[in-house]
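Overview (structure and organization)
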Amino acid sequence: TDGVPACKDLHSQAMCGETHLQHVRDAMECLSTHETSLSPGVFSLITTSVPRTPAADVGALSISDILTQDYCLNWPILSEYFKDVVAERKDYSAGARKCGALAAKVYHQVSQVEPSRLQDVLEQNLSWTPAPKTLSECIGLLGTDNPLRIHISLLIASAVLERALGDVYLTVSKAAQCPSLLRDLLATEELEMTFGPTAVSISCERGCSA
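Throughout what follows, the structure given in this document is the object of discussion. (Residues numbered from 1 in each chain as written. Predicted model: local features only at pLDDT ≥ 70, side-chain atom pairs only at ≥ 80, totals over all residues. Heavy atoms only, no water.)

Some remarks on the environment of L154
Quick reminder of the rule: Numbering of helices and strands starts at the N terminus; helices are DSSP runs of H or I of at least 4 residues and strands are runs of E of at least 2.
Tracing the backbone shows L154 in helix 9 (residues 147-173). Considered as a pair, L154 and I139 are 15 residues apart in the sequence and their alpha carbons are 8.1 Å apart.

Structure below.
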């Protein structure tokens, strides 16, 4: 990656947003017309939880409720939004739908931020990870209409984030090693104590549902 997001102005960012929505619509159509190896539960989860429009329903929440001024998720308010999901952990689809709607709303807002400003904010917010610049570049690549770059960036970002969470676990627990599976790592008391029960519960549900 070269660190330069593909969408360099507001018009191109809006176009990229529409391109992503078209990718989602195309993927949903492909899933509905082709045989896959997905289990019925995962198939249903994907086809019912992914928003098809940026105007996703997040209830009465405004974007100022969802994001802080430095573009971090506002967990004190979101804890109320996810309260029913955290209380009832058996229905992954409900949590996935809420996460999908929230992600669509955040993406629509963040895509309007100047790329240079967004990259600076991301690197600052991701400074606790072992590779903030790499994560920032990966997020920047999500603004391209190249599916291969998007997939690669997600794979790299997932690996870096898993390493970062493992480092947090080892620091807090003083253990010799951390759980080898991400879903087990997300279920640890150490991460819940560090990041808060709502953030970890929602992340764990998304991971376990897959």
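Next comes the rest of the write-up.
What to know about a nonpolar patch on the surface
Note the threshold: Every patch collects residues that have over 30% relative accessible area and no salt bridge, joining them within 9 Å if they carry like charges and within 5 Å if they are nonpolar side chains (Val, Leu, Ile, Met, Phe, Trp, Tyr). For the accessible areas, the method is Shrake-Rupley and the probe is 1.4 Å, while residue cover comes only from the protein chains on display. Take a side-chain nitrogen of Lys or Arg and a carboxyl oxygen of Asp or Glu: if they are within 4 Å of each other, that pair is a salt bridge. When accessible area is computed with a 1.4 Å probe and restricted to protein chains, residues below 20% of their type maximum are described as buried, those above 50% as exposed, and intermediate ones as partly exposed.
Residues W128, L161 and F195 make up a contiguous nonpolar surface patch of roughly 270 Å² in combined accessible area. Turning to its location among the elements, W128 is positioned in the loop between helix 7 (115-125) and helix 8 (132-141). Residue classification places W128 among the partly exposed residues on the basis of a relative accessible area of 39%.

Here's the deal with the packing of helix 7 against helix 8
Selection criterion: Under this scheme, a helix contributes an axis fitted over its contacting stretch, all axes are lines through C-alpha atoms, and angles between N-to-C directions fall in the 0 to 180 degree range. By definition in this entry, angles of less than 35 degrees are roughly parallel, angles greater than 145 are roughly antiparallel, angles of 65 to 115 are roughly perpendicular, and the rest are oblique. Crossing chirality is assigned from the near helix's rotation relative to the far helix, an anticlockwise turn below a right angle marking it left-handed and a clockwise turn marking it right-handed. Should any heavy atoms of two residues lie within 4.5 Å, those residues are considered in contact.
The interhelical angle for the contact between helix 7 and helix 8, taken along N-to-C directions, is 140°, at an axis separation of 8 Å. Relative to helix 8, the element helix 7 lies oblique. Judged by the twist between their axes, the crossing of helix 7 over helix 8 is right-handed. Between helix 7, through Q119, L122 and E123, and helix 8, the contact on the second element is made entirely by P132, K133, S136, E137 and I139.

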